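Summary of structural features
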Amino acid sequence: MNIRPGRDGTINRGLPTPAVLAWLFAGLCGLPAVWNSHWMWIDDQMIVGSQLWPPDSVVNREYHAMGREYVAHGLYFKLLSFVLPLRPFWYYLVNYLMHLSVVALAGWVVWRATRSRLAITLAVLTVGFASTGPEVFLTLMKLELPMMLWLLISLVLLQQLLQGARGRLLGGLPALVVTTFLSGTLGKETFVILPVGLIAALIATAMTDLRSPMLRRLLAAVCATCLGVAAVYFERVLLGVRSIANGSYTGKLLVVHPTLATVLGRANIYTYVAGDAVLLTVASAVLCIACIVSVAFRRRGLSAAQLVAITCAAAASSQVAFNIVFLDFVTVYYLYPAAILGAVALGCLWPAEASGPRRMRQTGRAGLTVILAGTTLLTLPTFALRLYAQNAIPSMEWHLIRAIAATPPNSLVLLAFPPGAEMIGNTPVLVQHALGRNSLDVRSALGPDTAARLARAQAAHRPVFLAFVYDFGENWKVGVRGVAQKTRKETLALVARHGIEHICPDRGGNLGPWSLTISRVPLGWSPLLHIRFGYGWELDRLPASSGAGSGCGSG
């Protein structure tokens, strides 16, 4: 390995072996799930039917009406199809490698800031085993993943701007515009957390040292990211994407007039299902505020590493606050960026050799070690359970899809999901394109016209089936896909209100229910996670007439 001087003048070797081993370990833990992963609904809609390309495809127009933009993703997967075989595994593998790149970049940012072997190793483990990861890297269309990749590249550029000469400043600013643009077009609207974090770092610098050379560089970085944000906005306008506040999907997510009770309720759920992300965010925000106060009290300027930490902590805090206050849905993967940025912020706060008295440095390092290592150890069981659930549940759903494809020709299959649900739009694509059953009619069982459609099908002597998936009531506690599902009893009661009162049980399958107790706190304390986990599917034949118990014979 090459030997190079650290920022504090000490000699540091190249990238430490423990950090590389930690990265490999985190990667190998998730690889079996990727290898055995089954297709998820929205992924298959894109893969099987090439629905996201060309830019004016029906699916893209629908997404535009929802307030989302997938043209960049369509181009990405179109280009990827020229390189890799059109097989789901290769797309999932590339997606997982993108996640591993995020973990590696997070560690690289910490390494460049601290040159500490222990700090980078802890950061890699914390990011690699965050509870927010499994659903993101096992699902192709979770936009937080590419967004986070480009945000971390932006952080590397920020480090170069803060540490480099004038030439690097002039060369890095255009690159920062480009990475901000890519984080928005390939990511989500929440990519604006980067300029929010930079503005917080700019304010912190102005509060502590107005003569700091970092002030101009941070101001230039803020301007560059704002240009990237403006470019994303104009790109969406040119494509005809609806405003996120008015889109048919994104508009439903936004809470315009939040109440204290609902905010506290969402905060409680997020703390329960993604406590590590919340803890990392809160800890990084508190420590960054303490750092700013300490630097201001001692009349010293903030270092480049501290400014990166403040940027990350402010970005993570804005992400968590926005989700809790303004988004109605509670979903674990929404906090994927927060867990990563929180870990990077804590790693960048690692005390350097020249940062103060030895006892103070040791205390600071011990505290950060407890937070990073403790968070990882206490959430490992949750990570493992979510990794398993994100693999097993799509497998169960795929069994349901194959059962639907095995129904007689010209069958009407009613899915117990609202008309606008992903399963309603994506299941026909899978049945027709992946399994070659063009004669099947797949519809929602919960639409206003369900009773009339059922009557017409029965009058025409068409076979009619009811298909649904269900959980055992507590899967939401680990934030899996079953969060939006109901129990079997609740599902049957719901479809009964839409005219389906009698069923003939035919085929089905389930895993669980298993009573699980996961301790995310030291032994002897009450467990934070006790659930009854399970998931199932069912395909039931509807009788030929509406009379009670009629038509359920062997035929």
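The preceding data block contains the structure.
Below is a short write-up of the structure.

Rules of the game
Residues numbered from 1 in each chain as written. Predicted model: local features only at pLDDT ≥ 70, side-chain atom pairs only at ≥ 80, totals over all residues. Heavy atoms only, no water. Helix = DSSP H or I, 4+ residues; strand = E, 2+ residues; numbered from the N terminus. Buried < 20%, exposed > 50% of the residue type's maximum accessible area, 1.4 Å probe, protein only. Contact = heavy atoms within 4.5 Å. Areas by Shrake-Rupley, 256 points an atom, 1.4 Å probe, with all protein chains shown as cover. Disulfide = S-S within 2.5 Å. Pairing = 2+ DSSP bridges. Axes fitted to C-alpha atoms, helices over the stretch in contact; angles between N-to-C directions. Left-handed = near helix turned anticlockwise from the far one by under 90°. Nonpolar A, V, L, I, M, F, W, Y, C, P; charged D, E, K, R; others polar. Parallel < 35°, antiparallel > 145°, perpendicular 65-115°, else oblique. Expected span 1.5 Å × (residues − 1). Salt bridge = Lys/Arg side-chain N within 4 Å of Asp/Glu carboxyl O. Phe/Tyr/Trp six-rings, centres within 6.5 Å; stacked < 30°, edge-to-face > 60°.

**Looking at the overall build of the chain**
The number of helices and strands found in the chain is 20 helices and seven strands. For the chain, the residues scored as buried account for 52% of the 555 residues in total. Counting contacts in the chain only where the partners sit at least 6 residues apart, residues at least 24 apart contribute 78% of the total. In the structure as shown, the chain presents an accessible area of about 24000 Å², 65% of it carried by carbon and sulfur atoms.

**Observations concerning the state of the cysteines**
Here a disulfide denotes one covalent bond, and it connects the sulfur atoms of two cysteines. According to the stated counting rule, one finds zero disulfides in the structure shown. Not part of a disulfide, C223 finds its nearest cysteine sulfur in C226, a span of 6.6 Å.

**Focus: unusual backbone geometry**
A cis amide bond links G512 with the next residue in sequence, P513, at an omega value of 0°. Following the sequence through the fold, P513 ends up in strand β6 (residues 504-518). The residue R115 is not glycine, and still its phi comes out positive at about 55°. Residue placement: R115 occurs in the loop between α5 (88-114) and α6 (117-128). On the basis of relative accessibility, which here comes to 17%, the residue R115 falls in the buried class. For H461, which is not a glycine, the phi torsion comes out positive at approximately 60°. Note that H461 resides in the loop between α19 (450-459) and β5 (464-471). Accessibility expressed as a relative area gives 72% for H461, which makes it exposed.

**Describing the pairing of strand β7 (residues 529-541)**
Most of β7 is tucked away: 10 of the 13 residues are buried. Of the strand pairs in this sheet, β5 and β7 are connected by seven bridges, and their pairing is antiparallel. Paired with D471 across the bridge in β7 is Y535. When β6 meets β7, the two strands line up antiparallel, connected through 12 bridges. The residue of β7 that forms the bridge with T517 is H530.

**Some details on the packing of helix α8 (residues 144-163) against helix α11 (residues 214-239)**
At a minimum axis separation of 9 Å, α8 and α11 run at an interaxial angle of 150°. In the packing of α8 onto α11, the handedness of the crossing is right-handed. Only M214, R217, L218 and A221 of α11 make contact with α8, whose side of the interface consists of L158, L161, L162 and Q163. Here the residues of the contact of α8 with α11 sort into six nonpolar, one polar and one charged.

**Remarks on the packing of α5 against helix α16 (residues 336-348)**
Contact geometry for α5 and α16: axes closest at 8 Å, N-to-C directions at 20°. The angle between α5 and α16 places the two elements in the roughly parallel class. Crossing hand, α5 versus α16: right-handed. In contact with H99, V102, A106, V109, V110, A113 and T114 of α5, α16 contributes Y336, I340, V344, G347 and C348. Split into classes, the residues belonging to the contact of α5 with α16 amount to nine nonpolar, three polar and no charged.

**Observations concerning α11**
Compared with the 38 Å implied by 1.5 Å per residue over 26 residues, the 38 Å span of α11 between its first and last C-alpha is a close match. The set of residues buried in α11 consists of M214, L215, L218, A220, A221, V222, A224, T225, G228, V232, E235 and R236. Looking one or two residues past α11, G240 carries a phi angle of roughly 80°, positive in sign.

**Describing the pattern of salt bridges**
Using the criterion set out here, one finds 10 salt bridges in the structure. R236 is paired through a salt bridge with E189; the nearest N and O atoms lie 3.6 Å apart. Of this pair, R236 sits in helix α11 while E189 sits in the loop between α9 (166-185) and α10 (193-208), and the two are 47 residues apart along the sequence. With its nearest N and O atoms 3.8 Å apart, the salt bridge here joins R266 to D328. Of this pair, R266 sits in helix α13 (residues 260-273) while D328 sits in the loop between α15 (304-326) and α16; the two residues are 62 residues apart in sequence, bridging distant segments of the chain. Among the residues examined, R266 registers a relative accessible area of 6% and is labelled buried.

**Brief notes about the packing of aromatic side chains**
Ring pairs (aromatic) are described by centroid distance and by the angle formed between their planes. Enumeration according to the criterion identifies 13 aromatic pairs in this entry. When the ring of F25 is compared with that of F129, the centres are 5.6 Å apart and the planes differ by 55°; the resulting orientation is tilted. Of this pair, F25 sits in helix α1 (residues 17-35) while F129 sits in the loop between α6 and α7 (133-137); the two residues are 104 residues apart in sequence, bridging distant segments of the chain. On the basis of an interplanar angle of 70° and a centroid distance of 5.5 Å, the ring pair of Y233 and F234 is categorised as edge-to-face.

**Quick notes on the sheet that holds strand β3 (residues 412-415)**
In a beta sheet, neighbouring strands are held together by backbone hydrogen bonds and run either parallel or antiparallel to one another. As summarised here, the arrangement of the five strands in space is β4-β3-β5-β7-β6, forming an open sheet in which the pairing is mixed. Each edge of the open sheet carries a strand with a single partner, namely β4 (441-444) and β6. Averaged over neighbouring strand pairs, the angle between their axes works out to 15° when direction is ignored. The sheet contact formed by β3 and β4 spans four bridges and is parallel. Bridging across to β4, V413 finds its partner in V442.

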